[in-house]
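Per-entry structural report
Residues per chain are reported as follows:
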Amino acid sequence: MRRPIMTSAAFLSQPSALATRNDGKVAQDLLDTLAAHANECVGMAANMIGIAKQVIVFDDNGTARAMFNPRITAQSEPYRTREGCLSLIGERETTRYRRITVAFDDMTFAHRSEDFAGWTAQIIQHEIDHCNGIVI
Ligand SMILES: [Zn+2]
């Protein structure tokens, strides 16, 4: 179900709790809300729809994917860039990494680890920041 976008900086600056296997609906609502904003948004975290759980969705080269409890376990090739956010007005500067390894739980709550690079890696880093209460 499509959900309204949370824009409260006070809410968004709080770290989210670990997700559990009962949070599948949160992931589906995020996927639905991302699809509804596909023309202006490439990723979302659950706190952006008002749910402070560690769930993210992102565009992976044309396919929308969800992750629970994502953690970056390796990163390399830092660069400076500017990013916007559906929850915020304007853009902010930040450091990202061209290559990352992410550990996460998948839709069946199996634990996985996967490498990402480039644009997809940048989206994931932005959404993991949201899970940690970092707003960029
Ligand atoms: Zn954002």
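Calculation criteria
- Residues numbered from 1 in each chain as written.
- Predicted model: local features only at pLDDT ≥ 70, side-chain atom pairs only at ≥ 80, totals over all residues.
- Heavy atoms only, no water.
- Donors = N, O, S within 2.8 Å, 3.2 Å for Na, K, Ca; no water.
- Helix = DSSP H or I, 4+ residues; strand = E, 2+ residues; numbered from the N terminus.
- Buried < 20%, exposed > 50% of the residue type's maximum accessible area, 1.4 Å probe, protein only.
- Polar contact = N/O pair within 3.5 Å; in protein donor to acceptor, adjacent residues only side chain to side chain.
- Contact = heavy atoms within 4.5 Å.
- Phe/Tyr/Trp six-rings, centres within 6.5 Å; stacked < 30°, edge-to-face > 60°.
- Lys NZ or Arg CZ within 6 Å of the ring centre and 35° of its normal.

Another aspect to go through is the coordination of the zinc ion. Taken together, C85 (SG), H126 (NE2) and H130 (NE2) make up the full set of protein donors to the zinc ion, lying 2.0 to 2.2 Å away. Mapped onto the sequence, the donors of the zinc ion take the spacing C-x40-H-x3-H. Pair noted here: C85 is in the loop between β3 (63–84) and β4 (91–105) and H126 is in helix α3 (residues 118–131), with a separation of 41 residues, a long-range link. H126 carries the same exposure label as C85, and that label is buried.

A few words on the side chain of T33. Among the structural elements, T33 can be located in helix α2 (residues 24–36). T33 gets classed as buried once you look at its relative accessible area, which sits at 0%. At 2.9 Å, the side chain of T33 and the backbone nitrogen of R3 are in polar contact. Within the structure, the side chain of T33 is placed 2.7 Å from the backbone oxygen of D29, a separation counted as a polar contact. Those residues in contact with T33 that lie beyond four places of it in its chain are M1, R2, R3, I5, M44 and I49.

Moving on, we come to the environment of H130. Within the secondary structure, H130 sits in helix α3. Spatially, the C-alpha atoms of H130 and I49 are 11 Å apart, while their sequence positions differ by 81 residues.

Enumeration according to the criterion identifies 2 aromatic pairs in this entry. For the pair F58 and F116, a centre-to-centre distance of 5.8 Å together with 90° between the ring planes defines the contact as edge-to-face. Within this pair, whereas F58 is found in strand β2 (residues 55–60), its partner F116 is found in strand β5 (residues 111–117), the two being separated by 58 residues in sequence. Taking 5.0 Å as the distance between ring centres and 40° as the angle between the ring planes, the aromatic pair formed by F68 and F109 counts as tilted. Remark: F109 occurs in the loop between β4 and β5 and F68 occurs in strand β3; sequence separation between them is 41 residues. Taken individually, F68 and F109 each receive the classification buried, so the pair is uniform in this respect. In this arrangement the basic side chain of R98 is found over the ring face of Y79, its NZ or CZ atom lying 4.1 Å from the centre.

Keep in mind these values describe shape, not function.
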